[in-house]
Number of protein chains: 2
Amino acid sequence: MITISLKPNSKTPMYIQIYEYIKGEILNGNLSHPEKLPSSRSLASHLQVSRSTVDIAYEQLVAEGYVDAKEKRGYFVNPITHTQNFHVTSPADRPAEPVKIPETFPYDFDPDAVDTSHFPYSVWKSIGKNQLDNPENFISGSHYGNEELRQAISDYLHGSRGVNCSPEHIVVGAGLAHLLQMLCVLFEHGGVIAMEEPGYRSARQVLHSGGFEILDLPLKEDAFDTEALENTSANICYVTPSHQFPLGSVLSIARRQQLLAWASEAPDRYIIEDDHDSEFRYQGLPIPALQSLDHKHRVIYIGTFSKAISPAIRMGYMVLPETLAKAYRERCSFYPCPVPRLNQAVITDFIRQGSFEKHLNRMRKLYKGRHDRMVEAISRYLPEENFDITGDNAGLYLILRYHGPLDEKTIEKRAEKNGIRLRSLRDYYANPPADYLPSYLLGFAGMEDEAITEGIRHLAERVFLSPP
Amino acid sequence: MITISLKPNSKTPMYIQIYEYIKGEILNGNLSHPEKLPSSRSLASHLQVSRSTVDIAYEQLVAEGYVDAKEKRGYFVNPITHTQNFHVTSPADRPAEPVKIPETFPYDFDPDAVDTSHFPYSVWKSIGKNQLDNPENFISGSHYGNEELRQAISDYLHGSRGVNCSPEHIVVGAGLAHLLQMLCVLFEHGGVIAMEEPGYRSARQVLHSGGFEILDLPLKEDAFDTEALENTSANICYVTPSHQFPLGSVLSIARRQQLLAWASEAPDRYIIEDDHDSEFRYQGLPIPALQSLDHKHRVIYIGTFSKAISPAIRMGYMVLPETLAKAYRERCSFYPCPVPRLNQAVITDFIRQGSFEKHLNRMRKLYKGRHDRMVEAISRYLPEENFDITGDNAGLYLILRYHGPLDEKTIEKRAEKNGIRLRSLRDYYANPPADYLPSYLLGFAGMEDEAITEGIRHLAERVFLSPP
């Protein structure tokens, strides 16, 4: 007979104590196949518990396969490999998560920063509250994104970027990386992609890890080299035509036409247009999207809300040309849209009621002020003969190129020592050219006016103009 | 001289009218390389506008590469392929989105349905409102998911499923499909996966489109055939051990041990444990996760909030064994977590303050009631000699197997005609076996008690027992 020292005052119910005890005995080999367990009636009387308590314990052992119930014959131990009692780590035993102290820089020129302090939280919150009341947001929606959202995006892109599309060409996704992942699926994890060098490293990493071969095409006069493209085996190219990332140039109309002509020469050629920060241009009109010139249905247009609102909202969209939109429905229809429905509904209202445009206009003005402030500070504190600025008048950072006696290592060491975060242009190259000059992306979007001036003065005095 | 019929009263500013006109003339070939544009001074006086108006138009043409500005010489048209004026589709011209009328069934046994009407919206909303006030939710977070959320998930899994992990083993994702996509990246889009047959079709599609070869292993006695696995080339297997999808069986302890032993025989073998609806078990204790028995670090545990809350919230998590967690940091660190930070913060609070567990307990009770109601209705209206039920006592549906004179086509035609949605078990097979009997997944989670009884009565009278 099995003897279990039951604890009647324990928080653990009796049937669990019995179940756990017998399970342990089976796992450690004290009870083994084909032994018969005592009948529930006799074990119950032996342990002084009710018969149903033992029955429940036995049923659980049957459900998990420790014992077998044979009709009218009783319960028999199944053949099981004996192991030590399985060890459950208690939270106290577990390795402690290493404490991460976030790096903070008094002068943080992070080019990826956006200003979220001027976001219209009250508007967003009031839309959010309304949408939290809508039970429809808790039911699965379209795998391509809510239709109302795709309509709102289509109208916005048409009006602001000249993009020709209708909602059925649009796929809503969780930002650029996820949308590129879906393109990897669409292109069946194969193909050769020509990318800008220097260019967007994360996109390159995602496409590479998604199965594409990557060709890094060095820029020509700071823009995508459409002529060099002709002599490659690439069937896709990835470009940032309205504001080259990171150099900031605009792809000229002539090169745009060459690019579109290249794509139309073979049936499997496509252009991925990453329109990453076209919302922010401080001089002249917005540059129309490459997609707006595409009559042959070769451009895949990708945009996100990461710069316009914040990367934390994890939402973007792509506009597929007709043939690819059809292929997407065939090959990718079983992938649900990863953006929660509630969030889709909130941004739809935000766009529809004009708040998105209002926010963009406000941020454009704010960022232009910071941009101008930075340009002014650079010309005030950094001697013209040693510095060039490129990529100005658009986006959220500008590039400072240095030609002077200091080497990169010295510059970067001094910056770090003085609490200045500098992002090197070198990081955006697969292979930096021989004539590369120390260059840095100076983000201004996340800094107040005063901090910009102070930061540049600090950069001049402590880094570039400081005696050795 | 260029003559433009400017519309001074138009909403379109004068500089845009000039820019658009000249751009059009260049694109249609009326102005071509190397023609020189009139000086801005002379064009301004000719058109009777200010010189700065023309300057702005010219600068935009330069920015987009239509013309070149040569210092002290003026503006020259660049060589550009002449095309028709690019055609912008106005919203009215665009093809109308086909109007989709959602299919509704008076008797909807959808096995994927969950009841969202009993969700504690007021709690969720109040957490949501608080978190909307937290500006941190608008700043990018960890690529693996907020640390607080990973800690909350780790504690929950430890307590409810016996899963051994710490936050650094957890990756938060946008549901099962997205997490499997990340596994495809982690395994570099290659390998052979053994899957349950019948099994979860969407998972199969995602893994297949992610580059895996799929082996469909027919179930043995309704559970994963661990012995057959030995003779395959698979290095990964995908199982639903606590509640086989779709048949509903529990993988016995003996087979679990075999499976773990198989995985430990080669260094690249892994088990994906899809613990899809283990929250809902109506009899006995929860079945501990396979991961809880895994001493050799071979089990990838995946769970989501899709059944427990709703698929619309698009959130899930995976627990990676140590070696894979390290590999994930190396190979996948550039993929941002696709779940918006705000949503992560809301669910963290929801778990932390005990609302998640409370909700689960409430839903378990509610679903048990509906489950019992369905079992009762089936025994009342459908003759025992023609029907079996399997997969009961857990999950959100049960399986009705029919052995009688009607063929599948007749059954399904009658069901459709009578407004009954039936999901056939056949849909979950890659290759249904020769002795397949007409079987249907009857979901009860999305139906009120009355509707369940009525639906089953209707199914009996109008479909199975109706005269030919």
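What counts as what
Residue numbers run consecutively from 1 along every chain, following the written order of its sequence. In the order they appear in the text, chains get letters beginning with A and ligands get numbers beginning with 1. Totals for whole chains, interfaces and linings use all residues, but because this is a predicted model, local features are given only for residues with pLDDT of at least 70 and pairs of side-chain atoms are given and counted only at 80 or more. Computation of side-chain values covers all heavy atoms of the structure but excludes hydrogens and water. Relative accessibility under 20% of the residue-type maximum defines a buried residue, over 50% an exposed one, and the middle range a partly exposed one, all with a 1.4 Å probe and only protein chains included. Numbering goes from the N terminus for both helices and strands, where a helix is a DSSP run of H or I of at least four residues and a strand is a run of E of at least two. Crossover handedness is defined here as right-handed if the route from the first strand over the helix to the second strand goes clockwise, with the strands pointing away from the viewer. Pairing between two strands requires that DSSP report at least two bridges joining them. We call two residues contacting when some pair of their heavy atoms lies within 4.5 Å. Each axis is a line fitted through C-alpha atoms, taken for helices only over the stretch in contact, and angles between the N-to-C directions span 0 to 180 degrees. Think of pLDDT as the predictor's per-residue confidence, scored from 0 to 100. The span expected for a helix works out to 1.5 Å for each residue beyond the first. To line up the copies, we fit them by least squares on C-alpha atoms, keeping just the residues with pLDDT of at least 70 in both. In this scheme the crossing of two helices becomes right-handed for a clockwise turn of the near helix relative to the far one and left-handed for an anticlockwise turn of less than a right angle. In the scheme used here, Gly and all other residues not listed as nonpolar or charged are polar, with Ala, Val, Leu, Ile, Met, Phe, Trp, Tyr, Cys and Pro taken as nonpolar and Asp, Glu, Lys and Arg as charged. Two parts lose some accessible area (1.4 Å probe) when they are put together, and adding that loss for both gives the buried area. Put simply, a salt bridge is a Lys or Arg side-chain nitrogen that is within 4 Å of an Asp or Glu carboxyl oxygen. Pairs of N or O atoms within 3.5 Å make up the polar contacts considered here, provided that, within protein, one atom can donate a hydrogen while the other can accept it, and that residues adjacent in sequence are counted only when both atoms are side-chain atoms.

## Let's talk about the pairing of strand β5 (residues 192-197) of chain A
Residue and element names in this part refer to chain A.
Alright, step 1. The buried fraction of β5 amounts to six of the six residues, a majority that puts the element mostly inside the structure.
Alright, step 2. Note on the crossover from β5 through helix α7 (residues 201-209) to strand β6 (residues 213-218): the handedness is right-handed.
Alright, step 3. Bridge count for β5 against strand β7 (residues 236-239) is three bridges, and the pairing is parallel. The residue of β7 that forms the bridge with Ile193 is Ile236.

## Quick notes on the sheet that holds strand β14 (residues 423-424) of chain B
All names here are of chain B.
Alright, step 1. In spatial order, the strands read β11-β12-β15-β14; together these four strands make up an open sheet with antiparallel pairing. Every interior strand has two partners, whereas the edge strands, β11 (387-390) and β14, have only one.
Alright, step 2. Pairing geometry for β11 and strand β12 (residues 397-402), over four bridges, is antiparallel. Bridging from a neighbouring strand, Thr390 pairs with Ile399 of β12.
Alright, step 3. Across the face of the sheet, helix α13 (residues 408-417) comes into contact with β12, β14 and β15 (439-443) while running at roughly 30° to β15.

## Overview of the sheet that holds strand β10 (residues 316-319) of chain A
All names here are of chain A.
Alright, step 1. Across the sheet, which stays open at both edges, the seven strands sit in the order β4-β10-β9-β8-β7-β5-β6 with mixed pairing between neighbours. What marks the edges here is a single partner per strand, and that holds for β4 (170-173) and β6. Across this sheet, the average inter-strand angle for adjacent strands is 20°, counted without regard to direction.
Alright, step 2. In this sheet, β10 lies alongside strand β9 (residues 299-304) in antiparallel orientation, the contact comprising four bridges. Across the sheet, the residue bridging to Tyr301 is Val319, located in β10.
Alright, step 3. Against the sheet, helix α6 (residues 176-186) contacts β4, β7, β8 (270-274), β9 and β10, and its axis sits at roughly 155° relative to β9.

## What about the confidence of the model for chain A?
Residues and elements named next belong to chain A.
Alright, step 1. In this model, chain A carries a mean pLDDT of 91, and residues with pLDDT of at least 70 account for 95%.
Alright, step 2. The low-confidence segment residues 84-101, where pLDDT is below 50, has 29 contacts with residues more than four positions distant or belonging to other chains.
Alright, step 3. Interface confidence for the predicted complex, expressed as ipTM, amounts to 0.87; the pTM equals 0.88.

## Some details on the pairing of β8(A)
The side chains of a regular strand alternate, first on one face of the sheet and then on the other.
Residues and elements named next belong to chain A.
Alright, step 1. Most of β8 is tucked away: five of the five residues are buried.
Alright, step 2. Neither face of β8 is open: one carries Tyr270, Ile272 and Asp274, the other Ile271 and Glu273, and all of them are buried.
Alright, step 3. Assessed by its sense of winding, the connection that carries the chain from β7 through helix α9 (residues 253-264) to β8 is right-handed.

## What about unusual backbone geometry?
Alright, step 1. Cis rather than trans, the peptide bond between A:Glu197 and A:Pro198 has omega equal to 5°.
Alright, step 2. Following the sequence through the fold, A:Pro198 ends up in the loop between β5 and α7.
Alright, step 3. Along the chain, A:Phe245 connects to A:Pro246 via a cis peptide bond; the corresponding omega equals 5°.
Alright, step 4. The topology assignment puts A:Pro246 in the loop between β7 and α9.
Alright, step 5. Unlike most non-glycine residues, B:Gln48 shows phi in positive territory, near 60°.
Alright, step 6. Assignment of secondary structure puts B:Gln48 in the loop between α2 (40-47) and α3 (51-63).
Alright, step 7. Assessed through its relative accessible area of 70%, B:Gln48 is described here as exposed.

## Brief notes about helix α9 (residues 253-264) of chain B
Alright, step 1. The terminal C-alpha atoms of α9(B), which comprises twelve residues, lie 17 Å apart, in line with the 16 Å expected from a rise of 1.5 Å per residue.
Alright, step 2. A large share of α9(B) lies buried, amounting to nine of its twelve residues.
Alright, step 3. Inspection of α9(B) places B:Ile253, B:Ala254, B:Arg255, B:Arg256, B:Gln257, B:Leu259, B:Leu260, B:Trp262 and B:Ala263 among the buried residues, and these make up the whole buried set.
Alright, step 4. Contacts made by the buried residues of α9(B) are with α1 (14-27) of chain A together with α8 (226-230), β7 (236-239), β8 (270-274) and β9 (299-304) of chain B.

## Quick look at the relation of the copies chain B and chain A
Note that the two copies of the chain are related through a rotation about an axis and a translation along the same axis.
Alright, step 1. Once chain B is rotated about the relating axis by 180° and shifted along it by 0.0 Å, it coincides with chain A to within an RMSD of 0.1 Å. Put plainly, the chains are arranged around a two-fold axis.
Alright, step 2. A shared interface surface links the copies, since 100% of the contact residues of chain B are contact residues in chain A too.

## Quick word on the packing of helix α5 (residues 147-161) of chain B against helix α11 (residues 341-352) of chain B
To describe two helices that pack against each other, one gives the angle between their axes and the distance between the axes.
Residue and element names in this part refer to chain B.
Alright, step 1. Closest axis-to-axis distance for the α5/α11 pair is 9 Å, and the angle between their directions is 35°. Helix-helix and strand crossings are classified by hand; for α5 and α11 the assignment is left-handed. Contacts from Glu148, Leu149, Gln151 and Ala152 of α5 reach α11 at Gln344, Ile347, Thr348, Ile351 and Arg352.
Alright, step 2. When the residues that make up the contact of α5 with α11 are grouped by side-chain class, the tally is four nonpolar, three polar and two charged.

## Considerations on the interface of chain B and chain A
Alright, step 1. Across the boundary between the two partners, chain B contributes 92 residues, which contact 92 residues of chain A.
Alright, step 2. A buried area of about 7400 Å², summed over both sides, lies between chain B and chain A, and 59% of it is on carbon and sulfur atoms.
Alright, step 3. Inspection of the region where chain B meets chain A yields two salt bridges.
Alright, step 4. A salt bridge links B:Asp133 to A:Lys125; the nearest nitrogen and oxygen atoms lie 2.9 Å apart.
Alright, step 5. Inspection of the chain B/chain A interface yields 17 residue pairs in polar contact (both at pLDDT 80 or more).
Alright, step 6. Breaking the side of chain B that touches chain A down by element, the ones donating at least two residues are α1 (14-27), α3, α4 (121-132), α5, α6 (176-186), α7 (201-209), α9 and α11 of chain B.
Alright, step 7. Here the side of chain B that touches chain A takes six residues from α5(B), the largest share from any one element.
Alright, step 8. Here the side of chain B that touches chain A is composed, by residue class, of 46 nonpolar, 31 polar and 15 charged.

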